[in-house]
Amino acid sequence: MAQATAAAGRYTDRRRRMQDLRDRYPFAREVLDFYGAILVVQEEAYDAAASSMPAAQDLVSYVSEMVMPSVVNESIAAGPQKLREAVADLLDRADPREIIAAWIGGEQPGMADGYLARASVGPVLEALGPDVAASCIGVRDERHCPACGGPPQLSYFAVAGEDLAAGGRFLVCARCHATWGYARMTCPGCGEASSSKLPIFNEEGNASGERGSVVRGLEGRLGDRKARSMSVFPHIRIEACESCRQYLLNIDLQADPAAVPMVDEVAALPLDLYARDRGFTKIIPNLMGF
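Residues numbered from 1 in each chain as written. Predicted model: local features only at pLDDT ≥ 70, side-chain atom pairs only at ≥ 80, totals over all residues. Heavy atoms only, no water.

### What to know about the overall build of the chain
Right, on to step 1. Scanning the chain for helices and strands turns up 10 helices and eight strands.
Right, on to step 2. Taking all 290 residues of the chain together, 51% fall into the buried category.
Right, on to step 3. Long-range pairs, those at least 24 residues apart, make up 64% of the contacts in the chain with a sequence separation of at least 6. (Helix = DSSP H or I, 4+ residues; strand = E, 2+ residues; numbered from the N terminus. Buried < 20%, exposed > 50% of the residue type's maximum accessible area, 1.4 Å probe, protein only. Contact = heavy atoms within 4.5 Å.)

See below:
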C-alpha cells in the first residue's frame, strides 16, 4: 500500500508538471504530449510490478512480456514519425528480451532499443526498489548509481530540508531513477574537479547556483521576442566539462520548488541544442532522445 501511495504521488507530480510546462513552453508541447502518454503507461507498469513483485531473475521476461508491448503500442500511436519507424524496424529484427537484457546488462543502446528498454524497465525498477536494481550490471562508484550502477541522467539542487551532505547536489539515475549525492563542482562524467575545466552555461537572470557563461540566442530558437527580456529556464543550467567534453542539465529546486527534475529536463531541449552546438555530448540522452 505504501508503494502504491508513493507511486500515485510520484506520477501525479510528473503529470501535473508536464501539463504546467506544456502550457508554459509551446515549443516543447509535442515532446511533452508524447512524454505524458508514456507516463500513463509507466504508471500502470509501476502499479502492476508493485503488486506482483517479480523476482530479480525474472526481470527480463517480466518487462519484455508485461510492459514493453504497451510501450510499443503507445509509441506507435503517439510517437514522432522517426521513432515510430525506428521502433517498427527494430522489432522486425530483434527479440524484446534481448533489448531488455542488454540495458539491464549495462550495454550502451542505440536510439530505438535504448528508448524501449528505458521506458519499459524504469518504472519496474522504481517499483521493485534497490534489492532488484542490484541485479543490474554496472559500475558501482561515485559517478554511477549505487543501486543499479546506471549512469546519471541529470543533476539537481535540493530544496532545504533534504540531506545536504553533498552540498545539496544530487544525481538521478537514467536506469532506475534512484538519486544519490554528488559534489557540486565535479564532473559526473569523468570526475574532473578543476573549476577552470567545468564551464557552466546559464541564461541571464538565471537564479541557480554558481554564475557561469551566459546562454544567449534562445529567443531565436523559440521565435519569441519576449524571451529577450526574460530567462526562459531560470532554474536550469548546463553543467559541462572541458576534459571529457560531456555535459548534463542541472535543475535548481531552490529556484523553482515546483520543478520535477525528470520532467523539466525533457522540456529544456533548447539548452541541450545549445550545449551540442558547442561540441558537448550529453552523458546519456533522456528518454525522449535529447
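### Considering the side chain of R169
Right, on to step 1. Along the chain, R169 falls in strand β2 (residues 169-173).
Right, on to step 2. For R169, a relative accessible area of 1% translates into the label buried.
Right, on to step 3. At a separation of 2.9 Å, a polar atom in the side chain of R169 contacts the side chain of S155.
Right, on to step 4. Within the local environment of R169, its side chain forms a polar contact with the backbone oxygen of R184, the two atoms lying 2.8 Å apart.
Right, on to step 5. With near-sequence residues (within four places) excluded, R169 lies in contact with S155, Y156, F157, W180, G181, Y182, A183, R184, T186, P188, E239 and L248. (Polar contact = N/O pair within 3.5 Å; in protein donor to acceptor, adjacent residues only side chain to side chain.)

### A few points about the nonpolar core
Right, on to step 1. Formed by 86 residues in total, the largest nonpolar core has its most connected members in Y35 and Y115.
Right, on to step 2. For this core, the element with the most residues is helix α2 (residues 29-52), which contributes 11 residues.
Right, on to step 3. Once residues lying within four places of it in the same chain are set aside, the contact partners of Y35 are M18, M262, V263, V266, L287 and M288. (Core = buried A, V, L, I, M, F, W, Y, C linked by side-chain atoms within 4.5 Å.)

### Looking at the packing of α2 against helix α3 (residues 59-78)
Right, on to step 1. Two numbers describe how α2 lies on α3: the axes approach to 10 Å, and their chain directions differ by 165°. With respect to each other, α2 and α3 are oriented roughly antiparallel. As α2 packs across α3, the resulting crossing turns out to be right-handed. When α2 is examined against α3, the residues F34, A37, I38, V41, A45, A48, A49 and S52 are found in contact with a partner set consisting of Y62, V67, S70, V71, E74, S75 and A78. (Axes fitted to C-alpha atoms, helices over the stretch in contact; angles between N-to-C directions. Parallel < 35°, antiparallel > 145°, perpendicular 65-115°, else oblique. Left-handed = near helix turned anticlockwise from the far one by under 90°.)

### A short note on helix α5 (residues 96-104)
Helical geometry note: an α-helix holds 3.6 residues per turn, so side chains three or four residues apart project in the same direction.
Right, on to step 1. Regarding α5, the residues found buried are I99, I100, A102, W103 and I104.
Right, on to step 2. On its buried face, α5 is in contact with α3, α4 (81-93) and α6 (111-128).

### Considerations on the pairing of strand β1 (residues 152-157)
Right, on to step 1. The buried fraction of β1 amounts to six of the six residues, a majority that puts the element mostly inside the structure.
Right, on to step 2. Sheet topology note: the β1/β2 ladder contains five bridges and is antiparallel. Across the sheet, residue P152 finds its bridge partner in β2, namely C173.
Right, on to step 3. Relative to strand β7 (residues 246-252), β1 runs parallel, the two sharing three bridges. The residue of β7 that forms the bridge with Y156 is I251. (Pairing = 2+ DSSP bridges.)

### Observations concerning unusual backbone geometry
Right, on to step 1. In the Ramachandran plot, H177 falls in the positive-phi region, its phi being about 70° despite a non-glycine side chain.
Right, on to step 2. Position of H177 relative to the elements: it lies in the loop between β2 and β3 (179-181).
Right, on to step 3. H177 gets classed as buried once you look at its relative accessible area, which sits at 16%.
Right, on to step 4. Of note, R245 is a non-glycine position whose phi angle comes to about 60°, a positive value.
Right, on to step 5. R245 gets classed as partly exposed once you look at its relative accessible area, which sits at 29%.

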